[in-house]
Amino acid sequence: MQTSVIGYPRVGSLRELKFATEKYFKNDITQEALLAQAKALRAEHLKSMKESGIDFIPVNDFSFYDGMLDTVVLLNATPARYRKLNVSELDTYFAMARGYQKDGKDVKALAMKKWFNTNYHYMVPEIEDDADIRLAGKKPFDEFKEALTGGVVAKPVLIGPFTFLKLARYTGTKSAADFADAFAAAYSETLKKFADLGAKWVQFDEPALVYDLTADEIALFEKLYRVILTAKGSVKVLLQTYFGDIRDAYDTVTKLGFDGIGIDFLEGQKSFELVSTKGFPAQTVLFAGLVNGKNIWKNHYRKTIGRLNELSAFAKEIVLSTSCSLLHVPYTLKNENKLPEAYKRHFAFAEEKLVELAELAKISGSEGSDAISEVLAANDALFATARPDCENATVRARLQAVSEADFERKPAFAEREKIQKEALALPQFPTTTIGSFPQTADVKANRKAFKAGQISEEEYKKFNQEKIRECVKLQEELDLDVLVHGEYERNDMVEYFGEQLKGYLFTEKAWVQSYGTRCVKPPIVWGDISREKPMTVEWSVFAKSCTNRPMKGMLTGPVTILNWSFPREDITHKESALQIALAIRDEVLDLEAAGINIIQIDEAALREKLPLRKSDWYSEYLDWAIPAFRLVHSGVKASTQIHTHMCYSEFTDIIPVIDNMDADVITFEASRSDLLILDALRANNFKTEVGPGVYDIHSPRVPSEEEIVNALSRMLARINPEKLWVNPDCGLKTRGTTETVASLKNMVAAAKRLRAAD
Ligand code: GLN
Ligand code: ZN
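In this text the structure is predicted, and so the values were computed from the model without any measurement.

Draft legend 1. Molecular detail of the pairing of strand β18 (residues 524-531). Counting buried positions over the eight residues of β18 gives eight, a clear majority of the element. Bridge count between strand β15 (residues 501-505) and β18: four bridges; the pairing is antiparallel. Among the inter-strand pairings, Leu505 is bridged to a residue of β18, identified as Ile524.

Draft legend 2. Local environment of the site of ligand 1. Surveying the vicinity of ligand 1 reveals the residues Ile434, Gly435, Ser436, Glu487, Met493, Asp602, Ala604, His645, Cys647, Cys730 and Gly731. Here an oxygen atom of ligand 1 sits 2.7 Å away from a polar atom, N or O, in the side chain of Ser436. Here Asp602 contributes a side-chain N or O atom positioned 2.7 Å from a nitrogen atom of ligand 1. Contact with the protein chains removes 89% of the 290 Å² of surface that ligand 1 exposes when unbound.

Draft legend 3. Seen up close, the sheet that holds strand β19 (residues 552-556). In space, the five strands of this open sheet follow the order β19-β20-β21-β22-β23, with parallel pairing throughout. The open sheet terminates on both sides in strands that have one partner only, identified here as β19 and β23 (689-692). Looking at each pair of strands side by side, their axes are set apart by 20 degrees on average, direction ignored. Bridge count for strand β21 (residues 641-646) against strand β22 (residues 665-668) is four bridges, and the pairing is parallel. Note on β22: the bridge partner recorded for His643 is Val665. Where helix α23 (residues 573-593) meets the sheet, its contacts fall on β19 and β20 (598-602), and the angle it forms with β19 comes to roughly 175 degrees.

Draft legend 4. Focus on the side chain of His328. Position of His328 relative to the elements: it lies in the loop between β14 (317-322) and α13 (341-344). Excluding its chain neighbours within four sequence positions, the residues that come into contact with His328 are Trp115, Thr118, Tyr120, Phe243, Gly293, Lys294, Val512 and Phe566.

Draft legend 5. Quick peek at the coordination of the zinc ion (ligand 2). Donor atoms from the polypeptide that coordinate the zinc ion (ligand 2) comprise His645 (NE2), Cys647 (SG) and Cys730 (SG), at 2.1 to 2.2 Å from the metal. Classification of the site at the zinc ion (ligand 2) as irregular follows from its four donor atoms and the range of 81 to 121 degrees in their angles at the metal. Donor residues for the zinc ion (ligand 2), ordered by position in the chain, follow H-x1-C-x82-C. Placement of the pair is Cys647 in the loop between β21 and α25 (655-659) and Cys730 in the loop between α27 (705-716) and α28 (737-757), with a sequence separation of 83 residues. Overall, the relative accessible area of 29% leaves Cys647 in the partly exposed class.

Draft legend 6. Geometry of unusual backbone geometry. In this chain, Lys410 is followed by Pro411 through a cis amide linkage whose omega measures -10 degrees. Of note, Pro411 is situated in the loop between α16 (393-401) and α17 (413-424). Of note in the backbone geometry, Asn76 takes a positive phi value of approximately 65 degrees without being a glycine. For Asn76, a relative accessible area of 12% translates into the label buried. In this structure, Phe429 is a non-glycine residue whose phi angle is positive, near 50 degrees.

Draft legend 7. Spotlight on the sheet that holds strand β8 (residues 155-159). Read from one edge to the other, the open sheet built from eight strands follows the order β1-β14-β13-β12-β11-β10-β8-β2, with strand pairing classed as parallel. Each edge of the open sheet is held by one strand with a lone partner, namely β1 (2-4) and β2 (58-59). Here three bridges tie strand β11 (residues 236-240) to strand β12 (residues 260-264), and the two strands are oriented parallel to one another. Bridged to Leu239 within β12 is Ile261. Those strands touched by helix α14 (residues 350-365) are β1, β13 (285-291) and β14, and its axis lies near 160 degrees from that of β14.

Draft legend 8. Region of the structure containing the packing of helix α6 (residues 139-149) against helix α8 (residues 180-197). At a minimum axis separation of 11 Å, α6 and α8 run at an interaxial angle of 20 degrees. As far as their axial angle goes, α8 and α6 are roughly parallel. Between α6 and α8 lies a crossing of right-handed hand. Residues Pro140, Phe141, Phe144, Lys145 and Leu148 of α6 form the contact with α8, whose participating residues are Thr190, Lys193, Phe194 and Leu197. Class assignment of the residues belonging to the contact of α6 with α8 gives a composition of six nonpolar, one polar and two charged.

Draft legend 9. Region of the structure containing the pattern of salt bridges. Summed over all chains, the structure comprises 57 salt bridges. Lys232 is paired through a salt bridge with Asp259; the nearest N and O atoms lie 3.1 Å apart. Taken together, the residues Lys232 in the loop between α9 (215-230) and β11 and Asp259 in the loop between α10 (250-255) and β12 connect sequence positions 27 residues apart. Across the pair, Asp259 and Lys232 agree in class, each one buried.

Draft legend 10. Region of the structure containing the packing of aromatic side chains. Applying the stated criterion across every chain yields a total of 37 aromatic pairs. Measuring from ring centre to ring centre gives 5.8 Å for Phe347 and Trp526, while their planes differ by 70 degrees; the resulting arrangement is edge-to-face. Here Phe347 is found in the loop between α13 and α14, whereas its partner Trp526 is found in strand β18, with 179 residues between them in sequence. Neither residue differs from the other here; Phe347 and Trp526 are each classed as buried. Grouped by ring-pair contacts, the aromatic residues Phe162, Phe164, Phe183, Tyr187, Phe204, Phe221, Tyr225 and Phe258 constitute a single cluster. In this arrangement the basic side chain of Arg42 is found over the ring face of Phe62, its NZ or CZ atom lying 4.8 Å from the centre. The ring of Phe141 carries the charged tip of Lys193 above its face, separated from the ring centre by 5.0 Å.

Draft legend 11. Structural detail: helix α5 (residues 89-98). In terms of residue burial, α5 counts as a mostly covered element, since seven of its 10 residues are buried. The set of residues buried in α5 consists of Leu90, Thr92, Tyr93, Phe94, Ala95, Met96 and Ala97. Positive phi appears at Gly99, one or two residues downstream of α5, with a value of about 85 degrees.

Draft legend 12. Layout of helix α1 (residues 16-25). Of all the positions in α1, only Leu17, Lys18, Ala20, Thr21 and Tyr24 are classed as buried. The elements touched by buried residues of α1 are α2 (31-52), α5 and β17 (518-520). Where α1 ends, the next residue or the one after it, Asn27, has phi of about 70 degrees, a positive value.

Draft legend 13. Focus on the nonpolar core. Membership of the largest hydrophobic core comes to 137 residues, with the highest contact counts inside it found for Trp115, Phe183, Tyr225 and Phe347. For Phe183, the residues in contact, after removing those within four places along its chain, are Leu75, Ile127, Ile133, Pro161, Phe164, Leu165 and Leu224. Leu474, Met493, Leu562 and Ala577 belong to the second-largest nonpolar core, a separate cluster that totals 100 residues.

Draft legend 14. Representation of the pairing of β13 within the structure. For β13, the tally of buried residues reaches seven of seven residues, placing the bulk of the element in the interior. As paired elements, β12 and β13 share five bridges and run parallel to each other. Counted as the bridge partner of Gly260 is Val285 from β13. Considered for its hand, the β-α-β crossover made up of β12, helix α11 (residues 271-278) and β13 is right-handed. Judged from the six bridges that link them, β13 and β14 form a sheet pairing that is parallel.

Rules used in this analysis
- Residues numbered from 1 in each chain as written.
- Chains lettered and ligands numbered in written order.
- Predicted model: local features only at pLDDT ≥ 70, side-chain atom pairs only at ≥ 80, totals over all residues.
- Heavy atoms only, no water.
- Buried < 20%, exposed > 50% of the residue type's maximum accessible area, 1.4 Å probe, protein only.
- Helix = DSSP H or I, 4+ residues; strand = E, 2+ residues; numbered from the N terminus.
- Pairing = 2+ DSSP bridges.
- Near = heavy atom within 4 Å.
- Polar contact = N/O pair within 3.5 Å; in protein donor to acceptor, adjacent residues only side chain to side chain.
- Areas by Shrake-Rupley, 256 points an atom, 1.4 Å probe, with all protein chains shown as cover.
- Axes fitted to C-alpha atoms, helices over the stretch in contact; angles between N-to-C directions.
- Contact = heavy atoms within 4.5 Å.
- Donors = N, O, S within 2.8 Å, 3.2 Å for Na, K, Ca; no water.
- Tetrahedral: all angles 85-135°; square planar, octahedral: opposite > 155°, others 65-115°.
- Parallel < 35°, antiparallel > 145°, perpendicular 65-115°, else oblique.
- Left-handed = near helix turned anticlockwise from the far one by under 90°.
- Nonpolar A, V, L, I, M, F, W, Y, C, P; charged D, E, K, R; others polar.
- Salt bridge = Lys/Arg side-chain N within 4 Å of Asp/Glu carboxyl O.
- Phe/Tyr/Trp six-rings, centres within 6.5 Å; stacked < 30°, edge-to-face > 60°.
- Lys NZ or Arg CZ within 6 Å of the ring centre and 35° of its normal.
- Core = buried A, V, L, I, M, F, W, Y, C linked by side-chain atoms within 4.5 Å.
- Right-handed = clockwise from strand over helix to strand, strands pointing away.

Following this line, the structure appears as structure tokens:
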């Protein structure tokens, strides 16, 4: 059996590309040096795949920033404002990625969005009415030739026209359909060029096929590919899908005559059913996505072989493939020196997945031979034995004992609201912040020194306590109503809790690209999650001792903690989320017992894992995600006020769900959106009190008092004044101190002006 890799990580096993690119941004290295680094990385990846014996090796999966952005350049879709900069091709590209501010020129970057249900972000193409779409770039061809020189006839990978058109933004009056002919022509030409260069297969990525699709969209897909497939000549076309099943387009896709169709059998819940009930075209090769490109657990060989055998009844020829690009997993386990072997042997990062593909292909070809059975036996053994420190009977029993009543906070919202108003006696339009204060260099240095063992725990704490004292004093001077401790002890809102929760594992170098040069290192949910001791109480209590004003406790919610981790696969996400919820619940109750009577539970990533298909939103996700949040706070007294925070305002379509989290107050981003969300809140009779961010913390700009008064007045036109809170968009940790103080000063002044006017 042959093997295929959809795409490979790009940044380098030690983030070499990130560092080189950032140096280039700072003018520390030349363009040639950056290009050379990129070339070296590509050669290395090619070598890994060649040595592992991968048959379909991707090229053009490399990118300096993002594949959608590469496609913009390839198709001549660079918006006019970037062309006008008149800088080198590479700098025009980076200008679209990051904006350009130099020599009196000032152009903002293209918008960035999450790539389907991953934590990778793509640049949103902007297509102008007069865009002259045609094949204009060389990158895919150059990279194909480069691989040829390295002795590999690779499989060029391109984002397909349907996905590109569906994700693009149209700035004028035209829409996707108006550009269909131009796109079909440009992609057809690509195939011709590849045929001339000697390519055998070309892969078009069409993950957009896993969304709910309208008849018009399916018609657009068909129109595009009817043209493209006619033009393909001697090259074979692989239509690659991933991140789900293609139930809406399956009939269309299978009738068009693709040479290969790539289907995700891991995330695609209906993939197997589609193939087995509808059949699969006899002339088409099935690229079966069975090695997980999104998670880091070893493949269960026996299961995979079983699925391959089942599939062979429906497809004449099968190629074993990753389920999606390996971009979403870290490079290699080789750099993990601290992780004990007993844990490590359960993982496969990108490099190890190449070995899995090769081993699986061998096993499926020659079951029964001795050397092969040995590999299979070792894999069987791995899955047959319990993982160390994984199961926790107490946690299991506790979860078993959870009843309906534990998801229900009493008394109901309206009654609580009254009790809290009385108990807290806050002024109208209470002012607060989202939690973190600027993480200045000294704060980071202190944490680093502590982690490196250069200072004692006592010294570390003392420093942070001083910071907290200053922060509280500053907030009092600013006259904020509900104070925070500043979160100086946290470097990341998930890592901080993961490090203290039992059941979590941490890696050293397991970076995954999030966007451009930014990488994240998600922790791993290894086993049953429990809390061994309070995680935040000491800091909050100390902060409270510095003031007479209300001090808000600050936690991350279970859904966000899980969504920003690599989850377990042996139990459901629901189970993991509920385990985390119980751990955070204990923290909530400890904070309350310690006298903290306002507690914020951030769910910054709640929306992120909303299933791609609307029909799956509830059954697959919200039906456990919302209860998990409710379980965290249902045990508090009526007088304890529960806040939550979300870093976005795109929840117009799930407003009742957000209300159903049953928090007392929610703060969210609103300063950059058009406040439509507020109309929607009103239309839905939203009960929760709201703090729509009054200014944007993602920029160093200081909003004037006037501006904030205006924002608030517009909010008041839509929100019951008794329910309105005044706060920034999000945490202040990435901001400088000066701009933070100036902005908060204006914010408090604006709130006071409104109070006086009321
Ligand atoms: N409480 C966190 C902070 O203020 C929230 C961060 C976030 O929402 N991303 O930093
Ligand atoms: Zn936020």
